[in-house]
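One letter stands for each residue in the lines below.
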Number of protein chains: 2
Amino acid sequence: MQNRSISQVATMATSSSTEKLPRVLIVKRPDAMAVLGDGFVASTKFEILKAFESPLPLPEFLAYHSDSISAIIAPVAAPVTADLIRILPNLRLVVTTSAGVDHVDLVECRRRGISVANAGSSFSEDVADTAVGLLIDVFRRISAANRFVKQRFWPLKGDYPLGSKLGRKRIGIVGLGSIGSKVATRLDAFGCQISYSSRNRKPYDVPYHYYMDIEEMAANSDALIICCELNEKTLRLINKDVLSALGKRGVIVNVARGAIIDEEEMVRCLREGEIGGAGLDVFEDEPNVPKELFELDNVVFSPHSAFMTLEGLEELGKVVVGNIEAFFSNKPLLTPVL
Amino acid sequence: MQNRSISQVATMATSSSTEKLPRVLIVKRPDAMAVLGDGFVASTKFEILKAFESPLPLPEFLAYHSDSISAIIAPVAAPVTADLIRILPNLRLVVTTSAGVDHVDLVECRRRGISVANAGSSFSEDVADTAVGLLIDVFRRISAANRFVKQRFWPLKGDYPLGSKLGRKRIGIVGLGSIGSKVATRLDAFGCQISYSSRNRKPYDVPYHYYMDIEEMAANSDALIICCELNEKTLRLINKDVLSALGKRGVIVNVARGAIIDEEEMVRCLREGEIGGAGLDVFEDEPNVPKELFELDNVVFSPHSAFMTLEGLEELGKVVVGNIEAFFSNKPLLTPVL
């Protein structure tokens, strides 16, 4: 370090020395990049600036590069706040690696005229598959049965992981958008009875029962599957009253955002047996997971990986790169939000 | 023991002292009874004789009771062999607690004019659900992700349990009967491409591709799901050649019978990475499980519990009791095999 100038150190994190290409900031390494490597968003048309690989502290790194940054690739773990936006005078584009954009200050982006693109609906199928996988796991105790065998409890020793039948279960889907409707199609094939709640009732060719009131849906459901976006109206939508209406045998699956559930209250309900189980891919303060639940056989976790498949990540990389290349070629964004 | 006669000891295992009711032998406790208790097959119309609760060794127990036994409730773990049948001169009915009857010597039953009933198709939905649950678990690494979080590997440490997309996977179903066709309906909803092999091609309204040759199906499938019955033709049907055709990324799911797969060869293929993963509910020598596979993240076990749900076991109890009561009232069996 001592023999290098700030300039030398700061430029260590750029992926190329070409000066003319648009520079795209990544503050924290997206999981997809940790898995796929830099090829995840490789392009000859822009240059990646990886703050997370720089030996400089983030504020110094940003201070040095701020003028040159014209776009950000934003995983959920690295929020694009008004503060960050303010120190990047030439920022013109934010592309998220998620469908949700709740970690981007859209108000500030709009004020500044910054364009925003998300991951589109490329993840919907994979997320819906995970939601169903978590639901089957909790009801049919797939993970628990696997542990039971590996702990050499078969023939019967200890508590047998007896499951509950999927057929005829009443499933309440919170948010019947791109993901929710795919969850519905899948669970329909298992003979489940599907209901949904959403901002508005869907057109009449949607064959599922609509609840305007989520507490009423919870009271009439064996499981709730959270598939909606996080916004002011859905923040802590699944509160104490909804969990209490879901009841002792009710299961909750969340593949949307942690903060849609009152996590503290859910943890209490699970620990005290006031709800029946949970399949959780997302958490309020990721990657912090409520460790008080680790001992519970009826709670199944995944590390915000509902969207993570090899095929899905490759597709995501194409969408991110496609959006950035389109923007700097003055073409329309592939999956515009703003 | 010293103060009791053989007669006293032997009758300890009967559930009632009424002499006139038909006596129904159970050699080994069915898992369903371990879970639900004696209420599983309670009836006022017959008497249960539980060999597994008697302090007498089985041969002595049978020798003492042989003349009085007119029916057997037969879980898979307690085969009804020609030897057993021979020492029960008044045996007239065998009722299995499974859909499969491969553990019953049907030839000897036919020769002796003994009626046989099975569990019918009451399990099909639950078994199909488990097959799909195991397949999602292996492809999307649900159990592995759960362990990953609980081992505090998130944020990323160790091998990330990256899954593979379910959509467009080519699924080969071995045996498109009651269970196989339900697996097909479910996976169809995930966007999988379904093929099947079976003794005969199904009528033309079955929309799935038919393979006469199972090796050819394996070569053109990302996963095989075994749903057929075990008989002379399906014994070790999934041999070295089929596994080799399935290939390095191919997954095998078995919810049928262990002996349909060459287990030793499958274990070798899994250990050496010659196939991609497995979801196994059944094994050649249950409850012995190939423990060499316990370390593998891509193998998920369940303890022959694909059919085990609270609702399914209650239904099973009704079918078993219904068959026995019908038989001794000279009515037709509910789910006759012979």
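Note that this is a predicted model, so its numbers are computed, not measured.

Parameters and conventions
- Residues numbered from 1 in each chain as written.
- Chains lettered and ligands numbered in written order.
- Predicted model: local features only at pLDDT ≥ 70, side-chain atom pairs only at ≥ 80, totals over all residues.
- Heavy atoms only, no water.
- Least-squares fit on C-alpha atoms with pLDDT ≥ 70 in both.
- Contact = heavy atoms within 4.5 Å.
- Buried area = accessible area lost by both parts, 1.4 Å probe.
- Salt bridge = Lys/Arg side-chain N within 4 Å of Asp/Glu carboxyl O.
- Helix = DSSP H or I, 4+ residues; strand = E, 2+ residues; numbered from the N terminus.
- Nonpolar A, V, L, I, M, F, W, Y, C, P; charged D, E, K, R; others polar.
- Buried < 20%, exposed > 50% of the residue type's maximum accessible area, 1.4 Å probe, protein only.
- Pairing = 2+ DSSP bridges.
- Axes fitted to C-alpha atoms, helices over the stretch in contact; angles between N-to-C directions.
- Domains from an automatic or database assignment.
- Polar contact = N/O pair within 3.5 Å; in protein donor to acceptor, adjacent residues only side chain to side chain.
- Phe/Tyr/Trp six-rings, centres within 6.5 Å; stacked < 30°, edge-to-face > 60°.
- Lys NZ or Arg CZ within 6 Å of the ring centre and 35° of its normal.
- Arc of directions from axis to C-beta.
- Parallel < 35°, antiparallel > 145°, perpendicular 65-115°, else oblique.
- Left-handed = near helix turned anticlockwise from the far one by under 90°.
- Core = buried A, V, L, I, M, F, W, Y, C linked by side-chain atoms within 4.5 Å.
- Right-handed = clockwise from strand over helix to strand, strands pointing away.

K.L.:
How should the relation of the copies chain A and chain B be read in this particular structure?
P.N.:
Both copies of the chain are related through a single rotation about an axis accompanied by a shift along the same axis. Placing chain A over chain B gives an RMSD of 0.0 Å and needs a rotation angle of 180 degrees, together with 0.0 Å of translation along the axis. Such a combination of turn and shift is consistent with a two-fold rotation axis. Considering only C-alpha atoms, the residue of chain A closest to the rotation axis is A:Ser143, which sits at 2.6 Å.

K.L.:
What is the right way to look at the interface of chain A and chain B in this model?
P.N.:
Counting from both sides, the interface comprises 60 residues of chain A and, opposite them, 61 residues of chain B. Of all residues in chain A, the largest losses of buried area upon contact with chain B belong to A:Arg140, A:Trp154 and A:Lys165, amounting jointly to 15% of the total for that side. At the boundary of chain A and chain B, one finds 6 salt bridges. B:Glu311 serves as the salt-bridge partner of A:Lys169, at 3.3 Å between the closest nitrogen and oxygen. Breaking the side of chain A that touches chain B down by element, the ones donating at least two residues are α2 (31-36), α6 (124-140), α7 (142-150), α8 (178-188), β12 (299-301) and α12 (310-328) of chain A. Broken down by element, the side of chain A that touches chain B gets its largest block of residues, 10 residues, from α6(A). Per-class residue counts for the side of chain A that touches chain B are 31 nonpolar, 12 polar and 17 charged.

K.L.:
Help me understand the pattern of salt bridges, please; the structure alone is not making it clear to me.
P.N.:
Opposite charge on two side chains permits them to pair, given that their charged atoms come into close proximity. Residues and elements named next belong to chain B. Across all of its chains, the model carries 34 salt bridges over all chains by this definition. Ionic pairing is found between Arg-268 and Glu-274, a salt bridge with its closest N-O pair at 3.1 Å. In this structure Glu-274 comes out as partly exposed when scored by relative accessible area, which is 28%.

K.L.:
I'm lost on the sheet that holds strand β5 (residues 115-117) of chain A in this one. Help?
P.N.:
The pairing of strands in a sheet comes from backbone hydrogen bonds and takes either a parallel or an antiparallel form. Residues and elements named next belong to chain A. Taken in spatial order, the 5 strands make up an open sheet running β2-β1-β3-β4-β5, and their pairing is parallel. Two strands bound the open sheet, and with one partner strand each, they are β2 (47-50) and β5. Ignoring which end each strand starts from, the neighbouring axes of this sheet average 25 degrees apart. Relative to the sheet, α12 contacts β1 (23-26), β3 (69-74), β4 (93-96) and β5, its axis offset from that of β4 by approximately 165 degrees.

K.L.:
Is there a simple way to explain the domain arrangement of chain A in this structure?
P.N.:
The parts lose accessible area when they come together, and the size of an interface is often stated as this lost area. Residues and elements named next belong to chain A. Domains assigned within chain A are domain 1 (6-122 + 310-328) and domain 2 (124-301). Centre-to-centre, using C-alpha coordinates, domain 1 lies 33 Å away from domain 2. Taken together, the 7 residues of domain 1 in the interface contact 5 residues of domain 2. Of the roughly 470 Å² buried at the junction of domain 1 and domain 2 (both faces included), carbon and sulfur atoms supply 40%.

K.L.:
How do you make sense of the side chain of A:Lys50 when you look at a structure like this?
P.N.:
Along the chain, A:Lys50 falls in strand β2. A polar contact is formed between the side chain of A:Lys50 and the side chain of A:Asp38, at a distance of 2.4 Å.

K.L.:
What is the right way to look at the packing of aromatic side chains in this model?
P.N.:
For any pair of aromatic rings, geometry is given as the distance between the ring centres together with the angle between the planes. Using the criterion set out here, one finds 15 aromatic pairs over all chains in the structure. Ring geometry for A:Phe294 versus A:Phe301: centroids 5.3 Å apart, planes at 70 degrees, classification edge-to-face. Arranged with centres 5.8 Å apart and planes meeting at 80 degrees, the rings of B:Phe148 and B:Phe153 form a pair that is edge-to-face. With relative accessibility at 29%, the residue B:Phe153 sits in the partly exposed group. Ring pairs connect the aromatic residues A:Trp154, B:Phe283, B:Phe294 and B:Phe301, which therefore count as one cluster. The ring of A:Phe139 has A:Lys169 lying over it, and the distance from NZ or CZ to the ring centre is 5.0 Å.

K.L.:
Sorry if this is basic, but what is going on with helix α8 (residues 178-188) of chain B here?
P.N.:
Since one α-helical turn is 3.6 residues long, residues separated by three or four positions face the same way. All names here are of chain B. Turning to α8, its buried residues are Ile-179, Gly-180, Val-183, Ala-184, Arg-186 and Leu-187. End-on, the buried residues of α8 take up no more than an arc of 170 degrees, which puts them together on one face. As for α8, its buried residues are in contact with α6 (124-140), β6 (170-174), β7 (193-197) and β9 (223-226).

K.L.:
Is there a simple way to think about the packing of α7(A) against helix α7 (residues 142-150) of chain B in this case?
P.N.:
Think of two packed helices as two axes; the pair is described by the angle between the axes and how far apart they sit. Interhelical geometry of α7(A) versus α7(B) gives an angle of 75 degrees and a closest axis separation of 9 Å. The pairing of α7(A) with α7(B) is recorded here as roughly perpendicular in orientation. Here A:Ser143, A:Asn146 and A:Arg147 of α7(A) lie close against α7(B), whose contacting residues are B:Ser143, B:Asn146 and B:Arg147. Here the contact of α7(A) with α7(B) is composed, by residue class, of no nonpolar, 4 polar and 2 charged.

K.L.:
Any chance you could explain the packing of α6(A) against α8(A) here in plain terms?
P.N.:
Residue and element names in this part refer to chain A. Axis separation between α6 and α8 bottoms out at 8 Å; the angle between their running directions is 50 degrees. As summarised for this structure, α6 and α8 are arranged oblique, according to the angle between their axes. Judged by the twist between their axes, the crossing of α6 over α8 is right-handed. Along its contact with α6, which presents Ser-124, Glu-125, Val-127, Ala-128, Asp-129, Ala-131, Val-132 and Leu-135, the element α8 presents Ser-178, Ile-179, Lys-182, Val-183, Arg-186 and Leu-187. Partitioned by chemical class, the residues of the contact of α6 with α8 number 8 nonpolar, 2 polar and 4 charged.

K.L.:
How should the sheet that holds strand β10 (residues 251-254) of chain A be read in this particular structure?
P.N.:
Residues and elements named next belong to chain A. As summarised here, the arrangement of the 7 strands in space is β8-β7-β6-β9-β10-β11-β12, forming an open sheet in which the pairing is parallel. Of all the strands in the sheet, just β8 (209-210) and β12 have a single pairing partner and so form its edges. Where strand β11 (residues 277-280) meets β12, 3 bridges bridge the pair, whose relative direction is parallel. Each bridged residue has a counterpart across the sheet, and for Leu-280 the counterpart in β12 is Phe-301.

K.L.:
Just checking my understanding: could you explain the nonpolar core for this structure?
P.N.:
Nonpolar side chains in soluble globular proteins tend to end up buried together. Ranked by internal contacts, the top residues of the largest apolar core, which has 184 residues, are A:Ile252 and B:Ile252. In contact with B:Ile252, other than residues within four places in its own chain, are B:Leu224, B:Ile226, B:Ile238, B:Leu243, B:Leu246, B:Ile261, B:Met266, B:Ile275, B:Gly277, B:Ala278 and B:Gly279.

K.L.:
Sorry if this is basic, but what is going on with the pairing of β11(A) here?
P.N.:
Residues in a regular strand point their side chains to alternate faces of the sheet. Residues and elements named next belong to chain A. The alternating pattern of β11 places Gly-277 and Gly-279 and Ala-278 and Leu-280 on opposite faces, both of which are buried. Pairing of β10 with β11 involves 4 bridges; the strand directions are parallel. Within β11, the residue paired with Val-253 across the bridge is Gly-279. With helix α11 (residues 263-271) bridging β10 and its parallel neighbour β11, the resulting β-α-β unit is right-handed.

K.L.:
Even after reading the chapter, I still don't get the environment of B:Val80, so can you show me in this structure?
P.N.:
All names here are of chain B. Here Val-80 is to be found in the loop between β3 (69-74) and α4 (82-86). Expressed as a C-alpha distance, the spacing of Val-80 and Asp-105, which sit 25 residues apart in the sequence, is 6.1 Å. Not counting the four nearest positions on each side in its chain, Val-80 is found in contact with Ile-72, Ala-74, Ile-85, Val-94, His-103, Val-104 and Asp-105.

K.L.:
I keep staring at the pairing of β4(A) and nothing clicks. Help me out?
P.N.:
Residue and element names in this part refer to chain A. Burial along β4 is two-sided: Leu-93 and Val-95 facing one way and Val-94 and Thr-96 facing the other are all buried. Where β3 and β4 come together, 4 bridges link them in parallel fashion. Bridge pairing in β4 places Ala-71 opposite Leu-93. Note that β4 and β5 share 3 bridges and pair parallel. Bridge assignment links Val-95 to a residue of β5, and that residue is Ala-117. For the crossover that starts at β4, traverses helix α5 (residues 106-112) and ends in the parallel β5, the hand is right-handed.

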